[in-house]
Amino acid sequence: MQLTLLKSKIHRPAVTGASLHYEGSLTISEDLAELVGLRPYERILVSNMANGERFETYVIYGKRGAGLIELNGATAHLGKIGDRLTIMNFAQYTPEEAEHHKPSVIVLNERNEVIRAEGPAAGKLEALAT
C-alpha cells in the first residue's frame, strides 16, 4: 500500500508576473523551489488565496534569488500580480515511510522572502545561513 502525503509547500508567495503567451507552467525562483525540494517539470497543485482558483501545472525554475512567482500560459488567467498562492506537491510513501515523514514547508512574506521554514526546508535554510 502507498499513501499520498504532502511533500512540499510554498505558502503565501505573491505572484510577481504573468505571461499569457508562454507555453505554460509556474515559474518559481530556483532557490525557493530547491528549499522545498521541487524539481523542474515536477507536478504541482496551486491555490490562489485571492480568488479561490485551484489548478495543476508544473514547475520551471526562474532566476535564483529574484523571488519570482510567475503564472504562465492559461494559468495567467487564474490570478494577477500581488495575489497570494499556496503551491503544493505530493508524493507516495509506504506506511513505514509515512510514520516519520515531515513535509518541506516555507512561508513567504509579500516580497517572497522566507519568514519561516519547517521540516527538511528548515535544515536547508539553516545550512545556507552559516
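Everything in this summary refers to the structure shown in the same document.

Below, the discussion takes up unusual backbone geometry. With phi around 70°, Arg12 is a residue other than glycine that occupies positive phi space. Counting through the fold element by element, Arg12 comes out in strand 1 (residues 3-14). On the basis of relative accessible area, Arg12 is assigned to the partly exposed category, the value being 30%. The phi dihedral of Asn112 is positive, around 60°, even though this residue is not glycine. Among the secondary structure elements, Asn112 is positioned in the loop between strand 8 (104-108) and strand 9 (114-118). Overall, the relative accessible area of 5% leaves Asn112 in the buried class.

For the rest of this paragraph, the subject is the pattern of salt bridges. All told, the structure shown has 8 salt bridges when counted by the stated rule. The partner of Lys7 in a salt bridge is Glu42, and the shortest N-O contact between them spans 2.7 Å. One end of the pair, Lys7, is in strand 1; the other, Glu42, is in the loop between helix 1 (30-36) and strand 4 (43-48), and 35 residues separate them in sequence. For the pair shown, Lys7 and Glu42 are each scored as buried. In this structure, Asp83 engages Lys80 in a salt bridge whose closest nitrogen and oxygen atoms are separated by 3.2 Å. Note on Asp83: relative accessible area 6%, which makes it buried. Of the residues examined, Lys80 reaches a relative accessible area of 55% and is grouped as exposed. Where salt bridges share partners, they join Glu30, Glu34 and Arg64 into one cluster.

Rules of the game
- Residues numbered from 1 in each chain as written.
- Predicted model: local features only at pLDDT ≥ 70, side-chain atom pairs only at ≥ 80, totals over all residues.
- Heavy atoms only, no water.
- Helix = DSSP H or I, 4+ residues; strand = E, 2+ residues; numbered from the N terminus.
- Buried < 20%, exposed > 50% of the residue type's maximum accessible area, 1.4 Å probe, protein only.
- Salt bridge = Lys/Arg side-chain N within 4 Å of Asp/Glu carboxyl O.

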